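An overview of the molecular structure
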2 protein chains.
Amino acid sequence: MNKTHYELIILGSGPAGLAAGLYAARARIDHLLIEKGAAGGQVLLTDWVDNYPGFPDGLTGFELAEKMEAHARRFGLNTLTANVVSMDLLQTPKQLTLEDGEQLSCNALIICSGARPQRLGIPGEIEFSGKGVSYCATCDAPFYRDMHVAVVGGGNTAVQEASHLTKFASQVTLIHRRDSLRATKVVQERAFANNKIDFIWDSQVIAIEGGKGVERLRLRDTAGKETTLAVDGIFILIGVIPNNEMLPLQLLKAEDGGFIPTDTETRTAVPGVFAAGDIRSKEMRQIVNAAGEGATAVLAAEYYLNNLTP
Amino acid sequence: MNKTHYELIILGSGPAGLAAGLYAARARIDHLLIEKGAAGGQVLLTDWVDNYPGFPDGLTGFELAEKMEAHARRFGLNTLTANVVSMDLLQTPKQLTLEDGEQLSCNALIICSGARPQRLGIPGEIEFSGKGVSYCATCDAPFYRDMHVAVVGGGNTAVQEASHLTKFASQVTLIHRRDSLRATKVVQERAFANNKIDFIWDSQVIAIEGGKGVERLRLRDTAGKETTLAVDGIFILIGVIPNNEMLPLQLLKAEDGGFIPTDTETRTAVPGVFAAGDIRSKEMRQIVNAAGEGATAVLAAEYYLNNLTP
């Protein structure tokens, strides 16, 4: 812990951070990857990963995270477990402050701090996560063939994914706390016209119950009346929250609820600062594009470190 | 072969095309992937893939291509082996013409036709490809620890990668057909200052020779004098050629020698047309970012097909 300056610091150890770490270590760049906890990020919470190209039979999120970490370590990844609480990106070199007050500095920074789904915060939600509770229809829809699933939410993502889920599920019940949807008109119309989708209005899910997996939801309507709905799964699609607490958001021109915009080469608004993975302002948050962006970011950082305009 | 219209056509079966195919098939989009030959693209020509995240021990290009194809097929990938010779992207639906004259149409198109390295076209080049002949320093530099390698070229990529290679190789000889480099000044200066790099000017490689792997190069200078240089490997870094013969380049606003520019979500200048992988105008051409872009393109295409912005 004597060394406090690095050419490149990578913040976060999800798929974007681990891919960046792999590419940085393999290219022998003087680097440090700062991870908050165990490597893998959101992937660790993913029961089964079915769509990371190259694993035809799928694998657990834990296995994939382990493989990605081992891969980067094989090339000499340097890591530090710490919590970055703030940073000064306008100084040269850039300064990062850790929770214990220690300062680290770097010439280039790749932000891979990720994002997390907005949770309902109700009993059973954590317990059944990956066992019937999902936050990503693109990831998990095919697991619900000919089953009955609920979708919670009223925005574009929720209503669109309700339609998408009908390609697999036999019935989709959309549960919304209000009496109308926020989603754009064309999305709403498609859902209303789909006879596999039914709606429960003015209602909240107050508990998720079951045995080995989700079996039923307890609902409460605005009048306070409680009912039970039997389902095989529940997709909670009420938003994604960027892990941006430690970032200078104004400087990075954060948008879309706090996500960081970049160009196609992952460059942010601040020279020498790059962003990859779920923290980026983008449409699709998947493991494979996070990993791809992490790799791209290292080359962009290398160009920057070498004073090259690409 | 009766069906001639698809919601989505994917052109190309390298990592970008196979990832797109996996995501399209898994999302049950009405799709067709058109491949020219065996699936895998450039990956098939890659002896050993050491940096696709998730395979800590590496694997052969053939194995990775096979896994990616099997993965997409597991979800019902539809493929056609054919050669697309031209297309009309302004009609609705978009029209693709095959070599045999047949017409296919689609509402959305993802172009993953890839790129290929500019070759020298000399004896031994194909024979020793992957056995000492490389076209990608990012990919293969770590295989040449403490060895003597040659670099052919005089542009930014060649000179920069010569510097990068000195992190691994004991000696790097840059061979250039002219008496000065085209690379930008800062790149040149770094190379000239590096005592592991030496230069052979006004010379061309006319043959690559060896046994199990590359052992020596035959060189000819502008005066016609021939010499032999003993090396363990040769990096041919004289350019990348996009596979764009079938594309309407002006319409797609092709740049950088025929590559297709896109926004961060892989959208090209033509609505409903997306580009992913090496055919894109970008800095880093790697398997993992090609695959990531293929996945991203499918979501962008789905949004387009559903009349959603974005």
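Keep in mind that this is a model prediction, so the values were computed, not measured.

Counted by the stated rule, this structure contains 14 aromatic pairs over all chains. Measuring from ring centre to ring centre gives 5.0 Å for Phe192(A) and Phe199(A), while their planes differ by 50°; the resulting arrangement is tilted. Phe192(A) sits in the partly exposed class, given a relative accessible area of 43%. Note on Phe199(A) and Trp201(A): the rings are 5.3 Å apart at their centroids and 5° apart in plane angle, and the pair reads as stacked. A relative accessible area of 28% places Trp201(A) in the partly exposed class. These aromatic residues form a ring-pair network of at least three members: Tyr52(A), Phe55(A), Tyr52(B) and Phe55(B). The cationic tip of Arg285(B) hangs over the ring face of Phe259(B); the distance from NZ or CZ to the ring centre is 4.0 Å.

Here we take up the environment of Gly277(B). All names here are of chain B. Mapping Gly 277 onto the fold places it in the loop between strand 17 (273–275) and helix 6 (287–305). Gly 277 sits eleven residues away from Val 288 along the chain, and the two C-alpha atoms are 9.2 Å apart. Once you skip the residues sitting within four places of it in the chain, Gly 277 turns out to touch Ala 16, Lys 282, Ala 290 and Glu 293.

All names here are of chain A. Pairing is parallel in the open sheet, where five strands are placed in the order 8-15-9-10-11. Looking at strand neighbours, the two that pair on one side only are strand 8 (133–134) and strand 11 (197–200), the edges of this open sheet. As defined by bridge partners, strand 10 (residues 171–175) adjoins strand 11 across four bridges and the pair is classed as parallel. Within strand 11, the residue paired with Leu 174 across the bridge is Phe 199.

Here we take up the state of the cysteines. Within this structure, the stated rule accounts for two disulfides over all chains. Linked covalently through their sulfurs, Cys136(A) and Cys139(A) form a disulfide whose S-S length is 2.2 Å. Measuring handedness by torsion sign, the sulfur bridge of Cys136(A) and Cys139(A) sits at about 75° and is right-handed. Cysteine Cys106(B) shares no disulfide, and the gap to the nearest cysteine sulfur, in Cys112(B), comes to 12 Å. Judged by relative accessible area, which is 0%, Cys106(B) ranks as buried.

Each value, and the rule that gives it
- Residues numbered from 1 in each chain as written.
- Chains lettered and ligands numbered in written order.
- Predicted model: local features only at pLDDT ≥ 70, side-chain atom pairs only at ≥ 80, totals over all residues.
- Heavy atoms only, no water.
- Phe/Tyr/Trp six-rings, centres within 6.5 Å; stacked < 30°, edge-to-face > 60°.
- Buried < 20%, exposed > 50% of the residue type's maximum accessible area, 1.4 Å probe, protein only.
- Lys NZ or Arg CZ within 6 Å of the ring centre and 35° of its normal.
- Helix = DSSP H or I, 4+ residues; strand = E, 2+ residues; numbered from the N terminus.
- Contact = heavy atoms within 4.5 Å.
- Pairing = 2+ DSSP bridges.
- Disulfide = S-S within 2.5 Å.

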